[in-house]
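Listed below are the residues making up each chain.
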Amino acid sequence: MSEEDEALKEGNQVSVFFRDQETRAAMGIYALVLMLVTAKVFYSLALKDSYLHDEVRFEDNWRLSFTEETTILSETVLLPDGGEEDLEFAIDLSSFPDGYRIGLVNVKVSYSETNQAILDDPCDSVQASITQTNYPAQWTDQNNTLNGGSSSCEDIDLVLQVYPDYSGEDYERMAHNAVIAVDEWVEDGHGIGELSVNVKVDVQRSQVPTQDDDDDETVQIDVIVVGFKANAEKLE
Amino acid sequence: MAADFQSLRAISGMVNTILGIITLLLAYRTKNNSWSELLAAKLLGCFLLFHGILMTTAYIAGFFTVGSFSHSFFGSLVNIAHTISIGMACSSCLFFPYPFVQRKHAEQAIAVVVLTWSFIVTGLIIFIPYEAHVVRYGFWFFPTVVWGFVYVRFSVKELVHKHEHARGLSAASGLLILATMAWLFSDWLLWITVMEKFTIPSWVSGIPPDKNPMLFFVRQSLIMGVSVAALLTMFVLEGWRVARHGFSVLSGIVFGFFFIGIISFIVDLSVVDVLEDCIYATCQELPESWTIYNTFTNILTAFLIQPIVLMYLMLNFNLLDVKTEKNGRYAKAMVLVLVVIVSSTIVEMLQSIIPIGELLTSAFLAIGIAAAIGWEHQIMDQFLKNKNKTVDYLKSIGEIKSVEPASDTTPTLSFSLIVLFAFALLLSVLHGAIGLG
């Protein structure tokens, strides 16, 4: 009785199948191909570029910091007593390096009493405001100071938040990679457009009757545009 | 195309369910076939039925599930149906085309194995879902390996040792591999070259951070390794066979997938940049053209081509007796319904990407239906062209034992089928009501 017949009689059909002399070599080659292809697939899937597995599976802790650049747009106007003027400032990114966005806009209105009287001529009264237009900014942000005034020749400082939640302070966050870590800070369009600033002057006259009075005032408006670029540094 | 993908799932659910029901009906009406072929037909019928339930439920779940899918009625039903269908596929490879198990109580043993498998795996999925899902799906490797060896052995018998009738076994096992794993074939070249470019951003990134990825890597390597090895081996041996005996249905499909794999490789390389963005930057959506290509290759294969191949196999390899008048009617209904469903689906899919009027596609559809009815005899003849009797050949080489299957003892496959249905429904209701796990 042959080996195959014995196996068949024993009821071990798996053994009969694999003991076939005519095809044993071919099945051996197939088994080898099977193992090689499986090993190659395993290598590609589990071992090759495995350092990237943690990158895509786990989030890392990133410290975000901001590099700031500023650019200043200035206008000087001579306003008569009771005079008012709307000034338009065209803001764009042309004066910033690549990759910068506009974070906020500070407006500084400065003037001084120009009348050279013997006794002090009192400072004129100046009111300034950033006019709400369709300029893309956070008009309802709590940190905004959209109007102000002075009658003591002090500068008037106005602030308009442009990029949502931008404060310029470092913070930490979890993210898969550096691009995702800074993804909150790469939106385009914020702060690009025409900013309108309104300035009014009320001239204060000297209390000394013989003194010459002036009836106008020179006001300087500086629009300080704060641009930023977010940087992400992976924390260990 | 995302909507089409979901519709395809529903159509596939319908196709699989219809096929499964008719296969089981025909199998229980078949009297004259060998016991192993009949048992395989029942197992494959159950596989199709539960696969259909899985697909249909997954589609319906999209409309009704609120909250966690895995803790819903539909989520649970999808899981159980999937577990049972894998159990059925793994069991069927032990009986067809080569009957590895030739025992009197084979049907009872397999009924117990399928029941035990379903209970244990379903239970494990409730408590250790990730591990159980990964291991369960890994069992697809088993039938692919078994059918791969059967294919190689009997192809060599035919081509080298001139056993003409050995072709029945090699063709059947090749078609079974296609009917279960063909969805992996359309990207075979990518899998064995630079698969990491695709898998790291899509598969690896999806592994939960608290789970061990090695289990997934081993499972996926096994499934993809045996599938790609099977396709390449079939390509070589079918190429050899075509040179000697001309084309066959199997060689046509194998060559088709081989060349689709080369085209897919080029197509996939075109989206590598988009995928790399998921690693080094933020994920972007894949191009619409790639999604359409993927729908027409991988998804169409998984949802429609695979059940059609299985139907062809069952009719062509004598798993079902369709010679009697009543059985023949069922078989004709099955073939016509499926041919019409599949052709109309493909016409509708083409319409969604090619700007042609609905009236025109309706006309094409009408032509297709008329052709299916008009050529009903020819279509059926094509399906029944070669009545391969694998058992007769195995008898001739002395590898079939004379076994009289025990029919008077329980549990039978029918009994386990009823238990599985009741179990699936009961557990799903419990899951939906109290959220097990």
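Residues numbered from 1 in each chain as written. Chains lettered and ligands numbered in written order. Predicted model: local features only at pLDDT ≥ 70, side-chain atom pairs only at ≥ 80, totals over all residues.

Side note on the overall build of chain A
Along its length, chain A carries 5 helices and 9 strands. When the helices and strands of chain A are read in sequence order from the N terminus, they spell out α-α-α-α-β-β-β-β-β-β-β-α-β-β. Taken over 236 residues, chain A has a buried fraction of 26%. In chain A, once contacts between residues fewer than 6 apart in sequence are set aside, the share between residues at least 24 apart is 80%. (Helix = DSSP H or I, 4+ residues; strand = E, 2+ residues; numbered from the N terminus. Buried ≥ 20, exposed ≤ 12 C-beta atoms within 10 Å, placed from the backbone. Contact = placed C-beta atoms within 7 Å.)

Here we look at the overall build of chain B
Along chain B, the regular secondary structure elements total 18 helices and 0 strands. For 437 residues, the compact-globule formula gives about 22 Å, and the C-alpha radius of gyration of chain B, at 22 Å, lands near that figure. Principal axes of the C-alpha set define a box for chain B whose edges measure 65 × 50 × 45 Å. By sequence separation, contacts in chain B at least 24 residues apart represent 80% of the contacts at least 6 residues apart. (Rg over C-alpha atoms; globule rule 2.2 N^0.38 Å.)

So, the sheet that holds strand S2 (residues 84-91) of chain A
In a beta sheet, neighbouring strands are held together by backbone hydrogen bonds and run either parallel or antiparallel to one another. Residue and element names in this part refer to chain A. The strand order across the open sheet built from 4 strands is S2-S8-S4-S5, with neighbouring strands paired in antiparallel fashion. The open sheet has two free edges, formed respectively by S2 and strand S5 (147-150), since each of these has just one partner strand. Across the sheet, the mean angle separating the axes of adjacent strands is 20 degrees when strand polarity is ignored. (Pairing = 2+ DSSP bridges. Axes fitted to C-alpha atoms, helices over the stretch in contact; angles between N-to-C directions.)

Side note on the nonpolar core
Core analysis: the largest hydrophobic core is formed by 131 residues, its most contacted members being B:Phe50, B:Ala81, B:Leu175, B:Leu313 and B:Met314. It is helix H2 (residues 35-64) of chain B that contributes the most residues to this core, 16 residues altogether. A:Leu79, A:Leu104, A:Ala137 and A:Ala232 belong to the second-largest nonpolar core, a separate cluster that totals 35 residues. (Core = buried A, V, L, I, M, F, W, Y, C linked by C-beta atoms within 7 Å.)

Here we look at the environment of A:Val14
With respect to the helices and strands, the residue A:Val14 is situated in helix H2 (residues 13-19). When the C-alpha atoms of A:Val14 and A:Phe89 are compared, they prove to be 87 Å apart, with 75 residues separating the residues in sequence.

As for the interface of chain B and chain A
At the interface, 43 residues of chain B touch 34 residues of chain A. When contributions to the side of chain B that touches chain A are tallied by element, the ones reaching two or more residues are helix H6 (141-159), helix H9 (196-202), helix H10 (213-245) and helix H12 (272-280) of chain B. When its residues are assigned to classes, the side of chain B that touches chain A shows 26 nonpolar, 11 polar and 6 charged. (Nonpolar A, V, L, I, M, F, W, Y, C, P; charged D, E, K, R; others polar.)

Side note on the environment of A:Tyr171
Checked against the element boundaries, A:Tyr171 lands in strand S7 (residues 171-175). Remark: the alpha-carbon pair of A:Tyr171 and A:Leu64, spanning 107 residues in sequence, is separated by 5.4 Å.

Side note on the pairing of strand S8 (residues 193-202) of chain A
All names here are of chain A. Pairing geometry for S2 and S8, over 8 bridges, is antiparallel. Pairing of Glu88 across the sheet is with Ser196, part of S8. Both strand S4 (residues 125-131) and S8 contribute to a ladder of 7 bridges, which runs antiparallel. Residue Ile130 lies in a different strand from S8, and its bridge partner there is Val197.

Things to note about the packing of helix H3 (residues 24-47) of chain A against H10(B)
The N-to-C vectors of H3(A) and H10(B) enclose an angle of 135 degrees; their axes lie 7 Å apart at closest approach. Comparing their axes, H10(B) and H3(A) come out oblique. The hand of the H3(A)/H10(B) crossing is right-handed. Of the residues in H10(B), those touching H3(A) at A:Tyr30, A:Val33, A:Leu34, A:Val37, A:Thr38, A:Val41, A:Phe42, A:Leu45 and A:Ala46 are B:Met214, B:Phe217, B:Gln220, B:Ser221, B:Leu222, B:Met224, B:Gly225, B:Val226, B:Val228, B:Ala229 and B:Thr233. Among the residues making up the contact of H3(A) with H10(B), the classes are represented as 15 nonpolar, 5 polar and no charged. (Parallel < 35°, antiparallel > 145°, perpendicular 65-115°, else oblique. Left-handed = near helix turned anticlockwise from the far one by under 90°.)

Side note on the sheet that holds strand S3 (residues 101-110) of chain A
All names here are of chain A. The 5 strands are arranged S6-S3-S9-S1-S7 in an open sheet whose pairing can be described as antiparallel. Edge positions in the sheet fall to strand S6 (156-161) and S7, since each of these pairs with one other strand and no more. Going from strand to strand, the sheet's axes swing by 25 degrees on average, the running direction of each strand aside. Sheet topology places S3 next to strand S9 (residues 216-234); 9 bridges connect them, and they run antiparallel. Bridging from a neighbouring strand, Val107 pairs with Val223 of S9.

A look at helix H3 (residues 73-92) of chain B
In a regular helix each residue adds 1.5 Å, so 20 residues correspond to 28 Å; H3(B) covers 29 Å between its end C-alpha atoms and thus fits that length. Summarising burial for H3(B): 19 of the 20 residues are buried, a large majority. (Expected span 1.5 Å × (residues − 1).)

Describing the packing of H6(B) against H10(B)
Residue and element names in this part refer to chain B. Contact geometry for H6 and H10: axes closest at 10 Å, N-to-C directions at 20 degrees. As summarised for this structure, H6 and H10 are arranged roughly parallel, according to the angle between their axes. As H6 packs across H10, the resulting crossing turns out to be left-handed. Counted together, Phe141, Thr144, Val145, Gly148, Tyr151, Val152, Ser155 and Leu159 of H6 and Leu222, Ile223, Val226, Ser227, Ala230, Thr233, Met234, Leu237, Trp240, Arg241 and Arg244 of H10 form the full contact between these two elements. Along the lines of polarity and charge, the residues of the contact of H6 with H10 split into 12 nonpolar, 5 polar and 2 charged.

Considerations on helix H5 (residues 129-138) of chain B
Residues and elements named next belong to chain B. Three or more residues of H5 are buried, namely His133, Val134 and Arg136. Each buried residue of H5 lies within a common arc of 165 degrees when the element is viewed along its axis, so the set occupies one face. Looking at the buried residues of H5, the elements they touch are H3, helix H4 (106-127) and H10. (Arc of directions from axis to C-beta.)

A closer look at the confidence of the model for chain A
Averaged over chain A, the pLDDT score is 88; the fraction of residues at 70 or greater is 87%. At the low end of the mean pLDDT range in chain A sits helix H1 (residues 3-10) of chain A, at 56; at the high end sits S6(A), at 96. (pLDDT = per-residue confidence, 0-100.)

Things to note about the environment of B:Ala370
All names here are of chain B. Within the secondary structure, Ala370 sits in helix H15 (residues 358-374). Its 10 C-beta neighbours within 10 Å are what place Ala370 among the exposed residues. Taking the C-alpha atoms as reference points, Ala370 and Val340, 30 residues apart in sequence, are found 9.7 Å from one another.

Quick notes on unusual backbone geometry
Omega for the bond connecting B:Phe96 with B:Pro97 falls within 30 degrees of zero, at 0 degrees, which places this linkage in the cis form. Tracing the backbone through its elements, the reader meets B:Pro97 in the loop between H3 and H4. A positive phi is found at A:Asp165, a non-glycine position, where the angle reads about 65 degrees. Relative to the helices and strands, A:Asp165 resides in the loop between S6 and S7. Even without being glycine, B:Lys162 reaches a positive phi, approximately 55 degrees. Inspection of the secondary structure assignment puts B:Lys162 in the loop between H6 and helix H7 (167-181).

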